Amino acid sequence: MFAADRDLIVLEPNLFRDVSWVGQTLVAGTGSITSTALVMTSQTQGFDVAGVDAGNVVVVNGVAYEVVSRITGSVLSVSVPRGDASDTPVAPLPTTSTQVSVVTFAPQIVQVHRQVLRMLGIDPDDPEATLNEASVTNPGALRRLEALGAMHLVLAAASGPAGPESPLALRAEMYAARFSKERRRVSARIDLDGDGVADATRRLNIVQFVRG
């Protein structure tokens, strides 16, 4: 994927607190933060078992932080949300014996990712296709696009019980509009022959619909 959970909290810092029930809870328990280290004292399963690592989001006492790295099955390096994943980690405020959960919206991100690939003429369901995700040489250029699309799916799902005029539904539509605008703006560099060098530039302003 081009985007990760941490890209969503850059757009909506409270997303993982407010609509966590739309996502999947990977780990829950109790832990403490010292500097950038989150140390669990109890947890439903290990971070390693759950596959929690860089790019995930952990909610500690209602505040979302991004996971910088997994140190052990019970220890994570975390940071206050950064503008870019390459920025220096920023230590959260210390906490002691507080509620911790790791929630992911990966299914929504995957759905948008597959849509973006198809917009580029790449079939994610064809294992023998010449082009695949690795053929995109500038994946960072598509990160925001995927994050905006995932935000629309998450908020649209969360707004279901409240109806189409609810604040969540209106926010979902706002992200749909932002996704459409970003789709017209960005372009992808494609390596057509597998030599690691981009040979073509493709834009995403045409959506191809394929009958199932």
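Residues numbered from 1 in each chain as written. Predicted model: local features only at pLDDT ≥ 70, side-chain atom pairs only at ≥ 80, totals over all residues. Heavy atoms only, no water.

J.: Please explain the overall build of the protein chain as it appears in this structure.
T.: Scanning the protein chain from terminus to terminus reveals six helices and eight strands. Start at the N end of the protein chain and walk to the C end: the helices and strands fall as α-α-β-β-α-β-β-β-β-α-α-α-β-β. Its C-alpha radius of gyration of 18 Å places the protein chain within 12% of the 17 Å reference for a compact globule of 212 residues. In terms of its C-alpha atoms, the protein chain occupies a principal-axis envelope of roughly 50 × 45 × 30 Å. Residue burial in the protein chain is summarised as follows: out of 212 residues, 42% are buried. Expressed as a percentage of contacts within the protein chain between residues at least 6 apart in sequence, the contacts between residues at least 24 apart total 63%. As displayed, the protein chain offers around 10600 Å² of accessible surface, 52% of which is attributable to carbon and sulfur atoms. (Helix = DSSP H or I, 4+ residues; strand = E, 2+ residues; numbered from the N terminus. Rg over C-alpha atoms; globule rule 2.2 N^0.38 Å. Buried < 20%, exposed > 50% of the residue type's maximum accessible area, 1.4 Å probe, protein only. Contact = heavy atoms within 4.5 Å. Areas by Shrake-Rupley, 256 points an atom, 1.4 Å probe, with all protein chains shown as cover.)

J.: Before we go on, may I ask you to explain the side chain of aspartate 7 in this structure?
T.: Tracing the chain through its elements places aspartate 7 in helix α1 (residues 5–11). A polar contact of 2.8 Å, which involves the side chain of aspartate 7, links it to the backbone nitrogen of alanine 4. Among the polar contacts made by the side chain of aspartate 7, one reaches the side chain of arginine 6 at a distance of 2.9 Å. Those residues within four positions of aspartate 7 in sequence are excluded, and the remaining contacts are Arg143 and Ala147. (Polar contact = N/O pair within 3.5 Å; in protein donor to acceptor, adjacent residues only side chain to side chain.)

J.: How should the pairing of strand β5 (residues 75–79) be read in this particular structure?
T.: On a regular strand, each side chain points to the face opposite its neighbour's, so the side chains alternate between the two faces of the sheet. The buried fraction of β5 is high, at five of five residues. Neither face of β5 is open: one carries Val75, Ser77 and Ser79, the other Leu76 and Val78, and all of them are buried. One ladder, built from three bridges, connects strand β2 (residues 37–43) with β5; its direction is antiparallel. Bridge pairing links leucine 38 to leucine 76 in β5. Across five bridges, the pairing between strand β4 (residues 63–72) and β5 is antiparallel. Within the sheet, the bridge partner assigned to valine 67 lies in β5 and is valine 78. Between β4 and β5, which pair antiparallel in sequence order, lie two residues. (Pairing = 2+ DSSP bridges.)

J.: Even after reading the chapter, I still don't get helix α4 (residues 106–119), so can you show me in this structure?
T.: Think of an α-helix as 3.6 residues a turn; residues three or four steps apart then line up on the same face. Here α4 spans 20 Å end to end across 14 residues, near enough to the 20 Å set by a 1.5 Å rise per residue. Residues Gln108, Ile109, Val112, His113, Val116, Leu117 and Met119 constitute the buried set of α4. Residues of α4 that are buried sit in contact with α1, α5 (143–159), α6 (167–185) and β8 (200–203). A positive phi of about 80° marks glycine 121, the residue just after α4. (Expected span 1.5 Å × (residues − 1).)

J.: Can you walk me through the layout of surface pockets in this structure?
T.: Gaps left between atoms are located by rolling a probe of water-molecule size over the structure's atoms. Computed from the structure, the largest pocket encloses a volume of approximately 210 Å³. As for the largest pocket, its lining consists of Ala4, Arg6, Asp7, Val10, Leu11, Gly83, Asp84, Ala85, Gly140, Arg143, Arg144 and Ala147. Secondary structure elements with two or more residues in the lining of the largest pocket: α1 and α5. For the lining of the largest pocket, the element with the most residues is α1, which contributes four residues. Along the lines of polarity and charge, the residues of the lining of the largest pocket split into five nonpolar, two polar and five charged. (1 Å grid on protein atoms, 1.4 Å probe; cavity = no way out; pocket = protein on both sides within 12 Å on 5 of 7 lines; lining within 4 Å. Points joined across faces, edges and corners; volume = space filled by probe spheres on them. Nonpolar A, V, L, I, M, F, W, Y, C, P; charged D, E, K, R; others polar.)

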